[in-house]
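Chain by chain, the residues:
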Amino acid sequence: MLFSESLKKNTDFRNVYENGRSYADKYLVMYVLENNKGINRLGISASKKVGNSVVRHRFARLVRESYRLHENIFNSGLDIVVVARKSAASVGFFEIESALLHLSKLHRIIKIYFYDEES
RNA sequence: UAAGUAGAAUAAAUGAUCGCGGCUGCACAGACGAAAGGGUGCAGACGAGGAAAGUCCGGGCUCCACAGGGCAGGAUGCCGGAUAACAUCCGGUGGAGGCGACUCCAAGGCCAGUGCAACAGAAAUAAUACCGCCCCGGCGAUUGUAACGCGAUAUGCUCGGAGGAUUGCAAAGCAAUCCUCUGGAGUUUUGCGAAGCAAUACUCCGGGGUAAGGGUGGAAUGGCAGUGUAAGAGACUACCGCCGUCACGGUAACGGGACGGGCUGUGUAAACCCCAUCCGGAGCAAGACCAAAUAGAGAGCAAUGACCGGCCCGGUCCGCUUUCAGGUAGGUCGCUGGAGGGUCCCGGCAACGGGACUCCUAGAUAGAUGAUCAUUCACGACAUAACCCGGCUUAUCGUUCUGCUUACCAG
RNA sequence: GCUGGAAUAGCGCAGUCGGUAGCGCAACUGAUUCGUAAUCAGUAGGUCGAGGGUUCGAGUCCCUUUUCCAGCU
């Protein structure tokens, strides 16, 4: 991905959970925290309760693909953590994509002109 | 054709666009980092499974421990073979199921010892008699007989008693005869009771014999038939079973046979245990290498600062440089060419082994396979490698093929 | 990825060595009280997580499986 890398450390995840803001809908929970680094860092989390290995990997791929296709409209300098809810186990790409964009609008982290154009 | 049985293969397909991982080649930058190491772009081929799962066994590999032996602990458990090894596989034996093809079996030893067997049952393993059967004795009962006792007893007889008459004797009175009355005694007949005696297929009590039968139980002293007996019993006999010995076939498990023993309780070892065989522990987050940091040791610099001290020497601490050791963050290796796959030949019933040719097919490290569009169909199950193999177990939408069995039909 | 442990009544827990599974709280009924609580007396409630096996008999022994918890970084 051009402007982003992945969030790796357990301490980074803890930091976002404790200090970031969160919104949630039916499929996802999204935490956001500014990191002042000029790039976005995306973390994806799915617990064992969501499903088996196949389900969890598929969820991660769908979120990563959704983010990749809309990477250029996101603001920079953010740590984003996306957590799966149990209902996300059985849905397809478009549901995940619309859920991700919806939560991003609530966080107001999508660039303004694009936000205005879409709404 | 239908039903079944054993085994094998496969695990949606094709194209376009965007995206991911390492590899190879080329190009770029020498901009990141103290170092080890690494970056960017383009192109190419490659990129999860039959179970990758559960982590239930076994082995390789790595580190630690270890003279040798034993104990403890664990595992396996009919026999033979295969294998690196196994709880796996192959072939056989025995048993169970099925008409059959075929399937299933933790299948050594309770004749080494110990333990347990609730309830029920007479009794659960050292002895026992609840019912039943048999023998002996006793009380009673029943039946028969019956001494005897009580009552009745027609006609009649005998004896007796009362009254009367006649006769005889002198009379009182006595005797005889006859008549009437009398059932008092006996006889006869009969009713009831009854000691004793005898019999019994009866009841109870006591003593003894008996394990055939009944009932309880998962299990009851080998089974069944006969002889035998008071009744019974392997007490005896035949057949079957069991145990032992012998020879025969088989490498063996075992098999069929001969002879003998008359037979000694049963179940449980996925109860302790005995016997035989095997096993050291931990696991790639193993482990090896490079190495900021932070503790540590030595050397040097400055001969200054602080402390011990009145002062010097000396000692301690702090500062800087450097070397060594150490190993955190981080990085590299381990890492995938292997007990590897395919075809053919040879040995072996087979598992498997040997040989020749041929193929190379993931290696990530927060962890790569996805998204969209189009077409087709049976509309897509279970499920994602994490050091590697051999198995087992469990999950699973379907499709295809092969061998065999049974039934029916046709030729 | 690796290694341990647990599951028993609505809840928290016992249950040795196989023999018809109990304790406390809660629930229900009755008594007590003007009524409630407390107290007293009584009652019901369990296929011992699931499936299979060994055994005459399994909560307990063996195998498979499901869920949950903990540790190793």
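Quick caveat, the model's predicted, so the values are computed rather than measured. (Residues numbered from 1 in each chain as written. Chains lettered and ligands numbered in written order. Predicted model: local features only at pLDDT ≥ 70, side-chain atom pairs only at ≥ 80, totals over all residues. Heavy atoms only, no water.)

(A) Geometry of the protein's contact with RNA strand B. Close to RNA strand B lie 15 residues, the nearest being Lys 9, Arg 58, Arg 61, Glu 65 and Arg 68. Backbone atoms, meaning sugar plus phosphate, form 84% of the atoms of RNA strand B positioned within 4 Å of the protein. In the environment of RNA strand B, a phosphate oxygen lies 3.3 Å from a nitrogen or oxygen atom belonging to the backbone of Ser 53. In this structure, Arg 61 approaches RNA strand B through a side-chain N or O atom, which is 2.6 Å from a base oxygen. At the level of secondary structure, the elements contributing two or more residues to the surface near RNA strand B comprise α2 (53-69) and α3 (93-107). (Near = heavy atom within 4 Å. Polar contact = N/O pair within 3.5 Å; in protein donor to acceptor, adjacent residues only side chain to side chain. Helix = DSSP H or I, 4+ residues; strand = E, 2+ residues; numbered from the N terminus.)

(B) Molecular detail of the pattern of salt bridges. This structure, assessed with the given rule, holds two salt bridges. Residues Arg 41 and Asp 79 are paired through a salt bridge, measuring 3.0 Å at the closest nitrogen-oxygen approach. One end of the pair, Arg 41, is in strand β4 (residues 40-45); the other, Asp 79, is in strand β5 (residues 78-84), and 38 residues separate them in sequence. For the residue pair Arg 41 and Asp 79, the accessibility class agrees, reading buried in each case. Close ionic contact of Arg 68 with Glu 65 constitutes a salt bridge, the shortest N to O distance being 2.8 Å. Here Arg 68 and its partner Glu 65 are both found in helix α2, three residues apart, which amounts to about one turn of the helix. Looking at Arg 68, the relative accessible area reads 43%, which means it is partly exposed. For Glu 65, a relative accessible area of 30% translates into the label partly exposed. (Salt bridge = Lys/Arg side-chain N within 4 Å of Asp/Glu carboxyl O. Buried < 20%, exposed > 50% of the residue type's maximum accessible area, 1.4 Å probe, protein only.)

(C) Spatial organisation of the sheet that holds strand β3 (residues 28-34). Reading across the sheet, the five strands line up as β1-β4-β5-β3-β2 and stay open at both edges, with mixed pairing between neighbours. Each of the sheet's edge strands pairs with one partner strand only, and the pair in question is β1 (4-6) and β2 (21-24). Between one strand axis and the next, the sheet turns by 20 degrees as a mean value, whatever way the strands run. Strand direction decides the pairing type here: β4 and β5, joined by five bridges, are parallel. The partner of Arg 41 across the bridge, within β5, is Asp 79. Sitting on the sheet, α2 is in contact with β1, β3, β4 and β5, with an inclination near 155 degrees to β4. (Pairing = 2+ DSSP bridges. Axes fitted to C-alpha atoms, helices over the stretch in contact; angles between N-to-C directions. Contact = heavy atoms within 4.5 Å.)

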